[in-house]
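Letter by letter, the chains look like this.
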Amino acid sequence: MSGIFGFFGGAADKASKPAYSFETLQHLCTRLQSIVEEEQSNRENREEILVEVIRQITEALIWGEQNGHEPNFFDFFCEKNILADFVRILGLDRISKGVKLQLLQTLSMLIQNIRRDTSLYYLFSNNYVNQLIATQFDWGDEEILSYYISFLKSLALRLNAETITFFLEQFPLYIEAIRFFGHRDQMVRTAIRNLTLQVYNVKDESMQRFVLKCSWRTYFVHLACHLRELWFKLDAARERCVAGGSENDRRALQEVNEQQNDLLMYISDVLSMEEVALREALAERVLQYAFFPVLLGSLGDGGAASGSLVRPAAGPRDRLSPECALFLLHETFDIFRSTPALLNPVVAALLLQRPPADLVGSCWRPPPPCPATYQATTPDVSAPCSADANSVAALDDGAPDEPGAPVYGRLAKVALRGGGEGAEGASDEAPRTQLLAQLRSSSDACVLLVAGILSACLACGGAWPRSFLSSSGLLPTAPPEGGGVDGGPEVVLLVVRALERHTSLRVVVLQALVQFVLSMAARAGPSTDGGGSAGEAAWLEAARGSARGALRSAAKHVRSYLQGALADAFLDIFAEEWEAHCTRPPGIKEACANLRCLSPQAANGSLGGAQGWTADWAFPGSSERQHAAKAIRVFLLLRQLCHELSKEGAAESKVDVAMTSSSGSAGGATSSSAARNPLHVLEEVADGYEDQRSVELGRQDRIVCAVASAEGRQSR
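Here the structure is a predicted model, which is why all the values come from computation and not from measurement.

Let's talk about the pattern of salt bridges
- Going through the model one piece at a time under the given rule, you end up with 17 salt bridges.
- Taking the shortest distance from any N to any O, the salt bridge between Glu274 and Lys203 comes out at 3.1 Å. Taken as a pair, Glu274 in the loop between helix H13 (247-271) and helix H14 (276-295) and Lys203 in the loop between helix H11 (186-200) and helix H12 (205-242) lie far apart in primary sequence, 71 residues in all. A single burial state applies to Glu274 and to Lys203, both of which are exposed.
- Across the pair Lys589 and Asp334 runs a salt bridge whose closest N-O atoms are separated by 3.2 Å. Of this pair, Lys589 sits in helix H26 (residues 588-592) while Asp334 sits in helix H15 (residues 322-335); the two residues are 255 residues apart in sequence, bridging distant segments of the chain.
- Overall, the relative accessible area of 41% leaves Lys589 in the partly exposed class.

What follows is the structure, given as structure tokens:
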């Protein structure tokens, strides 16, 4: 590396001194100061030399820092106040891009490689680094942005309880970083999210108070607005696919789904932090701006039907399609299952028969508008910058200017503890009514997703009181006096009755419904052994009756194919479908997380044009054989359901179903694979025939065989 400094010394110097000597560093710093003084008059001729000098100073400092025998390298750097020269260079008029990139790279390398605490403290002192962070570059230049983000990342990695004190004045590191949270570049988004998580983990009360106040007013609101914007993009991409979109449209659907999923995972990470006030503030904002008005509000017309809640007309981007809203709700239960700060209010508003009026009103009102600071600089960069952070106007969204006690969290806690009893609001206005109405939707994707949401609620059931699960209709209660099934889990009975529409449901939807009912049967317990409550027994009996009715309908449909063109091929079709039935189907969670829930419902005849589709995800095409195959498959599924719900099969299947449903696998599939084929005939055993035994044959027992040989055909 001695050749690097050939520009500044001769061969004699290189032979007598190490490549990075103290004298060389002195010469470089003197050279830098002279170039800075000449910059205005001779800028074009000096910029290349300036870049090279800065780079060589960086290498010399890192070498001196990493070799303990030269500690005076960085001391000289501090004494000559070279860092101030770096800041001054960035502030010069018409500074070239190359110089900016070299300075950003220099600072990143110094911060990453400095080992002594005293050297690091010097870099962070005198507010020079904060000035560099607050410098406004051309954010449309991807190369400059890349170096700038790398600079911020290197700073975040050195944050701790000691170094945080150097950044607390307006905290530009945090304020400038969060402006890029929604950038189109995935690397930028990932770096900023990691930086914020690093900041949130620092244990400093003054910093935490500042971050909480700043995030409540801008960042968390921006996150919620960006999240719902991604949801609207997802729904728009879904509509293009339904309208017969191209392969590019399907890729766009997958891309935007990955983006919103990544953002949900990041929000979940923040909600898992130890700082309670920060968790509650973020949960309140995303509930207020996204989850209540967009997800739950897209399930139906809500209170507008009864007139007790006046809901303004929704704008073109205020609501999602039911399929998209249900898909995202299922994803919410999957991602936030261990974050009650957000999930509890959603569950209370979604499943309580009489949720608090404030929660219902938040669902049916249009979402608050995005603040003026959202994407104010460019579509990729929000405001404010650190210089304007203290002058941001208060938001006109009905929330307090300062973060306080969580409104939604408090309402949900009270409602869940009391099971919603005595709360204001009518059941017709509750989102629960709109959710269960989707079980009768003409879109079987909605039926599938509702079953997935209910199954996810039961999987997280340990987090909520049993009284809530019973009052919401997910678990059975004691039956009313005089009998009946009013004490049974209403939502499960609705799922069983949805099976009666088996001709309009795809096989994958029927598989999910059967799995859900069987998982509930495992929870309820059999009534034959004296176990379980009277409510459980009443529910099981009602479920068996509905399942038997659906099975009779399916059997009648199958019998229609015993005659006609398919009469000769019926047994072959039946054998093929039995083999498919014995394979393990996807679990409810897996099926509901599949983007096919948002894609158009292809027919078997068009599977070649829809990559990744299987027959279970498609409706039968124009072929009568495909219709017969689907009818047989439905019959086998309902036959399995009736068997598992029967008095003989409920007890023996309980353990298997509970294990598979809790792990997200296909509940009930284990029994079908081990069950006997309905077409199986016991092998007939005849007396008198044994291996190695001679048997006398009469003429009627002889078989005449024809043998083809080279000489021609012969019989014997």
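Don't stop here, the text continues.
Notes on the nonpolar core
- Counting residues in each nonpolar core, the largest one holds 220 residues, and the members touching the most others are Leu32, Phe151, Tyr200, Trp231, Phe291 and Trp464.
- Apart from the residues within four sequence positions on either side, Phe151 is in contact with Leu104, Leu107, Ser108, Ile111, Val129, Leu132 and Ile133.

Digging into helix H17 (residues 357-364)
- In terms of residue burial, H17 counts as a mostly covered element, since 6 of its 8 residues are buried.
- Within the span of H17, buried status applies to Leu359, Val360, Gly361, Ser362, Cys363 and Trp364.

Some remarks on the packing of aromatic side chains
- The full count for this structure, using the stated rule, is 21 aromatic pairs.
- For the ring pair Phe124 and Phe166, a centre distance of 6.3 Å and an interplane angle of 55 degrees mean the geometry is tilted. In this pair, Phe124 sits in helix H7 (residues 117-124) while Phe166 sits in the loop between helix H9 (142-157) and helix H10 (172-177), placing the two residues 42 residues apart along the sequence.
- On the accessibility criterion, Phe124 (2% relative accessible area) is buried.
- Overall, Phe166 belongs to the partly exposed group, its relative accessible area being 24%.

A closer look at helix H20 (residues 444-459)
- Between its terminal C-alpha atoms H20 stretches 23 Å, which fits the 22 Å expected from 16 residues at 1.5 Å a residue.
- Of all 16 residues making up H20, 15 are buried, and the element is well covered by its neighbours.

Some thoughts on the environment of Leu173
- The residue Leu173 is located in helix H10 in this model.
- A relative accessible area of 0% places Leu173 in the buried class.
- The spacing of Leu173 and Leu152 is 21 residues in sequence and 7.0 Å in space, taken between C-alpha atoms.
- Residues contacting Leu173, with those up to four places away along its chain left out, are Ile133, Leu152, Leu155, Leu159, Phe167 and Leu195.

Remarks on the packing of helix H4 (residues 72-79) against H7
- Where H4 meets H7, the axes come as close as 11 Å, and the angle between the chain directions of the two elements is 20 degrees. As far as their axial angle goes, H7 and H4 are roughly parallel. Our pair here, H4 against H7, has a crossing hand that is left-handed. Along the contact surface, H4 presents Phe74, Phe77 and Cys78, while H7 presents Ser119, Tyr122 and Leu123.
- For the contact of H4 with H7, the class distribution of residues is 5 nonpolar, 1 polar and no charged.

Observations concerning the state of the cysteines
- Following the criterion strictly, the structure yields 0 disulfides and no others.
- Left unpaired, Cys457 is separated from the closest cysteine sulfur, that of Cys460, by 7.2 Å.

With respect to unusual backbone geometry
- Of note, the bond from Ala383 into Pro384 is cis; its omega dihedral lies within 30 degrees of zero at 5 degrees.
- Mapping Pro384 onto the fold places it in the loop between H17 and helix H18 (407-418).
- If you check the backbone angles, Phe171 has positive phi at about 40 degrees while not being a glycine.
- Along the chain, the position of Phe171 falls in the loop between H9 and H10.

Section: the environment of Gln254
- You can see Gln254 is positioned in helix H13.
- Distance from Gln254 to Arg238, taken between C-alpha atoms, is 9.7 Å for residues 16 residues apart in sequence.

What about the packing of H13 against H15?
- Put simply, H13 and H15 touch, their axes get as near as 11 Å, and they point 35 degrees apart. As H13 packs across H15, the resulting crossing turns out to be right-handed. Taking contact as the criterion, the partners of Asn257, Gln260, Asn261, Leu264, Met265 and Ser268 in H13 are, on H15, Phe327, Leu328, Glu331 and Ile335.
- Each residue belonging to the contact of H13 with H15 can be placed in one class, and the counts come to 5 nonpolar, 4 polar and 1 charged.

Thoughts on the confidence of the model for the chain
- Chain-level statistics for the chain give a pLDDT mean of 79 and a share of 75% at 70 or above.
- pLDDT under 50 marks residues 422-426. Its contacts with residues more than four places away, or in other chains, come to 10 contacts.
- Note on residues 605-612: pLDDT is under 50 here. Beyond four places in sequence and across chains, it has 10 contacts.

Looking at the environment of Cys460
- With respect to the element layout, Cys460 can be found in the loop between H20 and helix H21 (466-471).
- Residue Cys460 is classed as buried on the basis of its relative accessible area of 11%.
- The spatial distance from the C-alpha of Cys460 to the C-alpha of Ser338 is 8.3 Å, given a sequence separation of 122 residues.
- Setting aside residues up to four positions removed in sequence, Cys460 forms contacts with Phe333 and Arg337.

A word on the side chain of Ser215
- Here Ser215 lies in helix H12.
- Taking relative accessible area as the criterion, Ser215 reaches 0% and is therefore assigned buried.
- Separated by 2.7 Å, the side chain of Ser215 and the backbone oxygen of Val211 make a polar contact.
- Setting aside residues no more than four positions away along its own chain, Ser215 makes contact with Tyr174, Tyr200, Phe220 and Val221.

Quick notes on the rules
Residues numbered from 1 in each chain as written. Predicted model: local features only at pLDDT ≥ 70, side-chain atom pairs only at ≥ 80, totals over all residues. Heavy atoms only, no water. Salt bridge = Lys/Arg side-chain N within 4 Å of Asp/Glu carboxyl O. Helix = DSSP H or I, 4+ residues; strand = E, 2+ residues; numbered from the N terminus. Buried < 20%, exposed > 50% of the residue type's maximum accessible area, 1.4 Å probe, protein only. Core = buried A, V, L, I, M, F, W, Y, C linked by side-chain atoms within 4.5 Å. Contact = heavy atoms within 4.5 Å. Phe/Tyr/Trp six-rings, centres within 6.5 Å; stacked < 30°, edge-to-face > 60°. Expected span 1.5 Å × (residues − 1). Axes fitted to C-alpha atoms, helices over the stretch in contact; angles between N-to-C directions. Parallel < 35°, antiparallel > 145°, perpendicular 65-115°, else oblique. Left-handed = near helix turned anticlockwise from the far one by under 90°. Nonpolar A, V, L, I, M, F, W, Y, C, P; charged D, E, K, R; others polar. Disulfide = S-S within 2.5 Å. pLDDT = per-residue confidence, 0-100. Polar contact = N/O pair within 3.5 Å; in protein donor to acceptor, adjacent residues only side chain to side chain.

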